[in-house]
Amino acid sequence: MTPPGPGGRFGARLAEAVALHGPVCVGIDPHASLLAAWGLDDDVAGLERFSRTVVEALAGRVAALKPQAAFFERHGSRGVAVLETVIAEARAAGTLTIVDAKRGDIGSTMQAYADAFCGDSPLAGDAVTVSPYLGFGSLRPVLDTAAATGRGVFVLALTSNPEGAQVQHATGGDGRSVARAVAEAAAAENAGATPLGDVGLVVGATTGTAAREAGIDLAAVNGPLLAPGVGAQGATAGDLRDVFGDALPAVLAASSRDVLRAGPDVVALREAAERTAAQCRAALGS
Ligand SMILES: O=C(O)c1cc(=O)[nH]c(=O)n1[C@@H]1O[C@H](COP(=O)(O)O)[C@@H](O)[C@H]1O
């Protein structure tokens, strides 16, 4: 049975949210060091206070929130329960969530991940990040479940970390790099969708001209382009132009620590998110 989705197609809902709030997604990454900086203990109560403060500060004010599952999982099942609360509270406030879980496995297991993150489960947000390194085809269950429930999928293509290049720029027998093959497979999923398809890519804001050099036509992907790395990893809003070229209208810049450092004061968190959104809007000309 197809579980009920969150309402409407993801690509369209994201485009609407970006038009309203700007092209920025704020990551909820409750690092132990951030909990300490906020005067909270590194335990489930601290995690919950931190995460709910971010939702209270930013829900209804940013295009999307991106909880990083690892920071919840490191607290065990009670941490995962906090992640479920974050997803539910953001949804109640009408704010999209991208659950950053970066899952990837053989197809039969991928269906279980699809059920968890795109099905009738409290861990299902509006979109999920996935890893294509068991083969793009292994993602089929999550692509199909997401499509059936109105959710989105962000597939790693050119990640923001320097080590990613070793795998992502490797060339296959057909002469295409791994990243280019991933981008073209995503484009095939999004063919004909307007204004944006539901299968996005992750392309780090730190990757400079790598996409162009690899012959990747990011505009042809016709899906949202999640660009982490703005702020703490050294990328600026201005770098987005170089990275994305004529694909800029599809970009959703992501920043976590750079915004979260402004907390725990909710007004300061809002100002930090607004500042990032204004810089990205200016850089993207949107
Ligand atoms: O999928 C992601 O969001 C992601 C992909 C990537 O290539 N690089 C990357 O940093 N991320 C995530 O984006 C967040 C970056 O956090 P900050 O560096 O604090 O802004 C982390 O949760 C990362 O796991």
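Residues numbered from 1 in each chain as written. Predicted model: local features only at pLDDT ≥ 70, side-chain atom pairs only at ≥ 80, totals over all residues. Heavy atoms only, no water.

Undergrad: Mind showing me how you'd approach the UniProt feature "domain: Orotidine 5'-phosphate decarboxylase" (unreviewed entry) in the chain here?
TA: Following the UniProt record, one finds the feature "domain: Orotidine 5'-phosphate decarboxylase" (unreviewed entry) at residues 23–272. The span residues 23–272 carries 41% helix and 17% strand; its end-to-end C-alpha distance comes to 14 Å. (UniProt positions renumbered as here; feature names shortened; annotations may be inferred. Helix = DSSP H or I, 4+ residues; strand = E, 2+ residues; numbered from the N terminus.)

Undergrad: I keep staring at the layout of surface pockets and nothing clicks. Help me out?
TA: Rolled over the atoms, a probe as big as a water molecule pinpoints where empty space is left. In this structure, the largest pocket occupies an estimated 390 Å³ of space. As for the largest pocket, its lining consists of 22 residues, and the residues nearest its centre are Lys 66, Lys 102, Ser 160, Pro 228 and Gln 233. Elements with a minimum of two residues in the lining of the largest pocket: strand E3 (96–103), strand E7 (225–228) and strand E8 (251–255). Across the lining of the largest pocket, the residue classes tally to seven nonpolar, 10 polar and five charged. Of the pockets and cavities examined, the second largest pocket occupies roughly 250 Å³. Lining of the second largest pocket is provided by 14 residues; of these, Arg 13, Ala 17, Gly 94, Thr 95 and Leu 96 occupy positions nearest its centre. It is helix H1 (residues 10–21) that contributes the most residues to the lining of the second largest pocket, five residues altogether. Residue composition of the lining of the second largest pocket, by class: six nonpolar, four polar and four charged. (1 Å grid on protein atoms, 1.4 Å probe; cavity = no way out; pocket = protein on both sides within 12 Å on 5 of 7 lines; lining within 4 Å. Points joined across faces, edges and corners; volume = space filled by probe spheres on them. Nonpolar A, V, L, I, M, F, W, Y, C, P; charged D, E, K, R; others polar.)

Undergrad: Please explain helix H7 (residues 140–149) as it appears in this structure.
TA: Along an α-helix, residues three or four positions apart point the same way, because every turn accommodates 3.6 residues. Within the sequence span of H7, burial applies to Pro 141, Val 142, Leu 143, Thr 145, Ala 146 and Thr 149. Its buried side turned inward, H7 meets helix H6 (107–118), strand E4 (127–130), strand E5 (152–158), helix H9 (178–190) and strand E6 (199–203). (Buried < 20%, exposed > 50% of the residue type's maximum accessible area, 1.4 Å probe, protein only. Contact = heavy atoms within 4.5 Å.)

Undergrad: Explain the UniProt feature "active site" (unreviewed entry) in the chain to me, please; I cannot follow it from the model alone.
TA: UniProt marks Lys 102 with the feature "active site" (unreviewed entry), using the numbering shown here. Checked against the element boundaries, Lys 102 lands in strand E3. Setting aside anything within four residues of it in sequence, one finds Lys 102 in contact with Gln 68, Thr 129, Val 130, Ser 131 and Leu 156. Looking at Lys 102, its side chain comes within polar contact range of the side chain of Asp 100, at 2.9 Å. (Polar contact = N/O pair within 3.5 Å; in protein donor to acceptor, adjacent residues only side chain to side chain.)

Undergrad: Could you clarify how one ought to interpret the packing of helix H3 (residues 44–58) against helix H13 (residues 266–284) in this entry?
TA: Contact geometry for H3 and H13: axes closest at 9 Å, N-to-C directions at 65°. For H3 against H13, the interelement crossing comes out right-handed. Mapping the contact onto sequence places Thr 53, Glu 56, Ala 57 and Leu 58 in H3 and Val 266, Leu 269, Arg 270 and Ala 273 in H13. Within the contact of H3 with H13, the residues separate by chemical class into five nonpolar, one polar and two charged. (Axes fitted to C-alpha atoms, helices over the stretch in contact; angles between N-to-C directions. Left-handed = near helix turned anticlockwise from the far one by under 90°.)

Undergrad: Would you take a moment to explain unusual backbone geometry for this structure?
TA: Note: most residues except glycine have negative phi, and most peptide bonds are trans. Look at the link from Thr 194 to Pro 195: it is a cis peptide, with omega at -10°. Position of Pro 195 relative to the elements: it lies in the loop between H9 and E6. Even without a glycine there, the phi angle at Lys 102 is positive, about 45°. When its relative accessible area of 39% is taken as the criterion, Lys 102 is described as partly exposed. Not every positive phi belongs to a glycine, and Asn 222 is a case in point at roughly 55°. Position of Asn 222 relative to the elements: it lies in the loop between helix H10 (210–213) and E7.

Undergrad: Explain the side chain of Ser 121 here, please?
TA: Following the sequence through the fold, Ser 121 ends up in the loop between H6 and E4. One polar contact links the side chain of Ser 121 to the main-chain carbonyl oxygen of Ala 116, over a distance of 2.8 Å. For Ser 121, the residues in contact, after removing those within four places along its chain, are Asp 115 and Ala 116.

Undergrad: Help me understand the state of the cysteines in this model?
TA: Put plainly, a disulfide is one covalent bond tying together the sulfur atoms of two cysteines. Under the defined criterion, the tally for this structure stands at zero disulfides. With no disulfide of its own, Cys 25 lies closest to Cys 280 among cysteine sulfurs, the gap being 11 Å. Take Cys 25: its relative accessible area is 0%, and that puts it in the buried class. Residue class for Cys 280 comes out buried when judged on its relative accessible area of 1%. (Disulfide = S-S within 2.5 Å.)

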